[in-house]
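Structure assessment
Chain by chain, the residues:
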Amino acid sequence: MLRLLVPFVLLAALVGATILTDPPPKPADLTFINGTGEINTLDPQRMSWQLDLRAARLYFEGLTANDVFTWGYDIIPAVAESWDVTDDGRGYTFHLRDDAKWSNGAPVTAHDFVYSWRRALLPDIASDYIAFFRLIEGGGEFYDWRQEALDEYEQRPPSQRTAQAAETLWRDTLEHFDATVALEAVDDRTLRMRLTEPTPYWLDICAFAVFYPVYEPLVSQYERPNPDSARLDLKSGWTKPGRLVCNGPFVVTRWRFKRSMRAEKNPHYWNRDSLAIDSIEMPVIEEPNAMVLAFETGAVDWATDVTVGYRADIIQKKKNFYEENRAAYEALKAQGLDQFEIDRRLPDDPRKNIHVIPAFATYWYNFNCLPKLHDGRDNPFHDPRVRRAFAMSVDKQTLVDQVKRTGEPVAGSLIPPNSIGGYTPPEGLGYDPAAARELLAEAGWPDPARFPTVEIMFNKDAGHDLIAQAVAKDWQRNLGVSVSLDQKELKVYRNDLKNANYMVTRAGWYADYGDPTTFLEVNRTGDGNNDRKYSNPVYDDLLDQARVETDPARRMAILSEAERIIMEEDLPMVPFYHYVTVYMFDPDKLGGINPHPRATQNVFLLDVLGDGKGPDVARTMPVLPPSPAPGADTP
């Protein structure tokens, strides 16, 4: 008997030792679910997913920031305390604050930004937002030079591809950058740059996460030229807890893959006294139902993206609550209060914890626009007439009314109407199955039974399967084609999307900044986010014209024409609806979340009300003007 107990005693001792050596941390001030998956990277220059960008704003800080509690997302100082702009709108000089520091106490300098932005301009990094950095004078030419040099290197015989040769090319790359790119650190606190043309939204872009600095003494240790290719081998070890050096409000203290991430206040952050929370826990909960349960049981304070299949029923509860308090609701709304503040002033009720926010975002289906599919077959969607036919065969109104049932507006355009001042998007194509069949026949498919089976790729969860089923039925019924559904794990889906290994796939986009180009640039030839591999020189030329157009009205008209081409003629994608975002949090207990449709939530602004830390008073949006900001209304 004793011998049987020994293994269990040893196991208990091992577990006890593990607990003592790796004890669980104290409960955090704030616990929230950062999206429906694991963070992909903490490398700012390689980010593109919403949950990564939200984390980046916790750990890093750029030259500028957006005041997310203004309807215009006004630009405010961050690492840069001030800046000067030349009369031609192309030259910028940023003056860095002297108290900006890294989490190890070292000063944040202009050299850190030069290093980080040069990183982003390397084809080795493969940043999805390379187009932003090409706006710097000489940036595009540098990127192309580096790519050509790498291509030439890989053509050399093996005997000439050595560690020394790769290092030599790397030194040449650094020298070429310094000689050709109009980006320089004048001194530790002065950063100067010149753009290729006036860019009205440049300060907004500088607030975007991919422009955040990284700490060169650390990061450079994990990036060395590969002798075979001369490209930098990129290792992510520098992003691990205990190693990551950052300059934002918080630091990573614990990161357990697919389990949780913990953040603690950065003691060296220049504005640390403004923070109302000391610690944050971010559990990874990928299953939507479990996310809702975690909130309802009090395990988390905020669920950032509620996507359960019964989301429509949840939203209906909130509508019922407003209806039951209609008089009070209308009176508060008439005062111009934002929707979260209205909720705080209404009677206590768990239904107040449901929040629906119209989003500056669009859900669509991509068409692969390449001549050949990934497996070598001819691609029928290379023909824009085919793409238009399929776009006109989707009953979007029925899709949002009967499948989504969560109040999303039907999308005829890529850019949500009334979301950008002075901009009018095109109407797009309507639902017209008869015209679609004629167009398909005109494209060479009079017998739809001979059309290749259309494969719709989508990732699991978030209701993408239900949408795919509805779209497949429309295409089968309206066009007579065969359709198959291809559901994949998220990481496989992402990889296939980037490599154009699909025929049709679901996609979507949350705007990065408040200008039409935040949507339109993703269809530019060669853009890192052009997953459709679409290319039209006329479209590209219109974007180029808009870049140098100084008359605001004329510029918006040019961009509207560019969108008309992709929404009414070429259809590299077909938009279905404009998103709404559903949050779950108790407005009486949590402040610092803003209801703006751009949905940029800075978690470091959150305040657990009544805990004795910070102001313990919820921040609110300015009183709405007579014509409310788009998306500011409640459901």
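Please refer to the structure placed before this passage.
Quick look at the structure, then.

Conventions and cut-offs
Residues numbered from 1 in each chain as written. Predicted model: local features only at pLDDT ≥ 70, side-chain atom pairs only at ≥ 80, totals over all residues. Heavy atoms only, no water. Helix = DSSP H or I, 4+ residues; strand = E, 2+ residues; numbered from the N terminus. Buried < 20%, exposed > 50% of the residue type's maximum accessible area, 1.4 Å probe, protein only. Pairing = 2+ DSSP bridges. Salt bridge = Lys/Arg side-chain N within 4 Å of Asp/Glu carboxyl O. Axes fitted to C-alpha atoms, helices over the stretch in contact; angles between N-to-C directions. Contact = heavy atoms within 4.5 Å.

Phi is positive for Ala230, which is not a glycine, with a value near 70°. One non-glycine residue, Ala500, lies in positive phi territory at about 55°. Following the sequence through the fold, Ala500 ends up in the loop between helix 17 (490-498) and strand 17 (504-510).

For strand 12 (residues 279-283), the buried fraction is high: five of the five residues fall into the buried class. Going residue by residue along strand 12, you find Ser279, Glu281 and Pro283 tucked away on one face and Ile280 and Met282 tucked away on the opposite face as well. The pairing of strand 1 (residues 30-33) with strand 12 spans two bridges and is parallel. Opposite Leu30, over in strand 12, you have Ile280 as the bridge partner. Judged from the five bridges that link them, strand 11 (residues 260-265) and strand 12 form a sheet pairing that is antiparallel. What sits directly across from Ser260, in strand 12, is Pro283.

This part takes up the pattern of salt bridges. Scanning the model with the defined rule gives 46 salt bridges in all. Put simply, Arg547 and Glu197 hold a salt bridge, and the shortest N to O gap is 3.7 Å. With Arg547 in helix 19 (residues 537-548) and Glu197 in the loop between strand 7 (190-194) and helix 7 (202-206), this residue pair connects regions lying 350 residues apart in the sequence. Between Lys488 and Asp486 there is a salt bridge whose closest N-O contact spans 3.5 Å.

Taken in spatial order, the 10 strands make up an open sheet running 10-11-12-1-13-18-14-17-15-16, and their pairing is mixed. A single partner strand is all that each edge strand has here, and the edge strands are strand 10 (250-256) and strand 16 (483-488). As paired strands, strand 14 (residues 354-367) and strand 18 (residues 573-585) are joined by 10 bridges and run antiparallel to one another. Its bridge partner lying in strand 18, Tyr365 is registered against Val574.

It is worth spelling out the sheet that holds strand 6 (residues 183-187) at this point. Spatial strand order, 4-5-7-6: four strands in an open sheet with antiparallel pairing. The open sheet is flanked by strand 4 (80-85) and strand 6, the only strands paired with a single partner. Strand-to-strand, the axes of this sheet are offset by a mean angle of 20°, without reference to chain direction. Contacting strand 5 (91-96), strand 6 and strand 7, helix 3 (residues 110-120) runs over the sheet at an angle of about 165° to strand 6.

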